[in-house]
Amino acid sequence: MKNRVLLALIATLVFNVSAFAQKQFKVFLFTKTGGWHHESIHEGVEAIRKLGERHNFDVDWQENTQFVSDKNLEKYQVIIFLNTTADILNDEQQKAVEKFIQSGKGFVGIHSASDTEYEWAWYTKMVGMMFKIHPAQQTAYLRVQDSNFPGMERFPKKLLWTDEWYEFQTPAKSNDLKILVTVDEKTYDPKTKWGPNEGKGMGDVHPISWYHPYDGGRAFYTALGHIPATFSDQTFLDHIYGGIYWAATGKGIE
């Protein structure tokens, strides 16, 4: 009788510990670069790990492309491309990412995720817009276009911000993008030139962050995050976590 009671207590304890330790979801954080390697990657990884601690989700960080496979990705609910650049995945690995999204899961792209895999058409449509050029880092005003999205609750309608302002190729790769934040070109100088590549700005609506449903799953992107110190800014951290939460769960939009 005592042994039965003891076994029951142990089973209850194990169940309670497992329930307590259970996380909301698992994130695959990917930072492989084939071109420019951003200094802010380290700060970004640490920031997302801390978000995981604060919001009770697991973060697995990898730069090794061998971990991008059907079998390995099965256990995750969202993939984050943090400041990835250039051509980084082979055909088989690309198919694994496509299958992952098509299974109803999510993608989060941060900053130079839009400067990645230009020849992979499916990916460019998922990101939504691809990088073209940027001027020198400057201070400008961000303006919220849509606050009905997770993480936007405390994002002010107008925010003075310093970053590397991406100008994107036009037209957009997807026509269903829901714009969250724009940058006001009247508050900085968007003009720049890299040889034949010339930047003149994008006009009155210069997108910086957006989301959309994509191929059975979900995709969120923000162009912010070039400067390492941005990853210690609470407004930006809320913005990133909102994207992660929505991409992983599909929840949070009224």
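Just so we're clear, the structure is a prediction, and the values are computed from it rather than from any experiment. (Residues numbered from 1 in each chain as written. Predicted model: local features only at pLDDT ≥ 70, side-chain atom pairs only at ≥ 80, totals over all residues. Heavy atoms only, no water.)

Asks: Whenever I open this one, the sheet that holds strand E12 (residues 207–214) confuses me. Can you help?
Replies: Each strand in a sheet pairs with its neighbour through backbone hydrogen bonds, running either in the same direction (parallel) or in the opposite one (antiparallel). With mixed pairing, nine strands are arranged side by side in an open sheet as E2-E1-E3-E4-E13-E12-E9-E6-E7. With partners counted over all chains shown, the strands left at the sheet margins are strand E2 (58–62) and strand E7 (158–163), one partner each. When the angles between neighbouring strand axes are averaged without regard to direction, this sheet yields 20 degrees. Inspection of the sheet shows strand E3 (residues 78–82) paired to strand E4 (residues 106–110) by five bridges, in the parallel sense. Within E4, the position partnered with isoleucine 79 by the bridge is phenylalanine 107. Strands strand E1 (26–30), E3, E4, E7, E12 and strand E13 (217–222) of the sheet are contacted by helix H6 (residues 234–249), whose axis makes an angle of about 165 degrees with E13. (Pairing = 2+ DSSP bridges. Helix = DSSP H or I, 4+ residues; strand = E, 2+ residues; numbered from the N terminus. Axes fitted to C-alpha atoms, helices over the stretch in contact; angles between N-to-C directions. Contact = heavy atoms within 4.5 Å.)

Asks: Help me out: how do you make sense of the nonpolar core in this one?
Replies: Across soluble globular proteins, you tend to see nonpolar side chains buried next to one another. Ranked by size, the top nonpolar core spans 72 residues in total, and within it Ile80, Phe81, Tyr123, Leu142, Trp165 and Ile244 carry the most contacts. It is H6 that contributes the most residues to this core, eight residues altogether. (Core = buried A, V, L, I, M, F, W, Y, C linked by side-chain atoms within 4.5 Å. Buried < 20%, exposed > 50% of the residue type's maximum accessible area, 1.4 Å probe, protein only.)

Asks: What is the right way to read the side chain of histidine 134 from this model?
Replies: Relative to the helices and strands, histidine 134 is located in the loop between strand E5 (131–133) and strand E6 (138–144). Owing to a relative accessible area of 18%, histidine 134 belongs among the buried residues under this scheme. Among the polar contacts made by the side chain of histidine 134, one reaches the side chain of glutamate 164 at a distance of 3.1 Å. Residue contacts for histidine 134: discarding those within four places in its chain leaves Glu164, Trp165, Tyr166, Thr192 and Trp194. (Polar contact = N/O pair within 3.5 Å; in protein donor to acceptor, adjacent residues only side chain to side chain.)

Asks: Just checking my understanding: could you explain the pairing of strand E9 (residues 178–183) for this structure?
Replies: Working note: regular strand, side chains alternate between the two faces of the sheet. Pairing analysis gives three bridges linking E6 to E9, with the strands arranged antiparallel. Residue leucine 142 lies in a different strand from E9, and its bridge partner there is valine 183. Bridging between E9 and E12 involves four bridges; their strand directions are antiparallel. Residue pairing across strands places isoleucine 179 opposite tryptophan 210, the latter belonging to E12.

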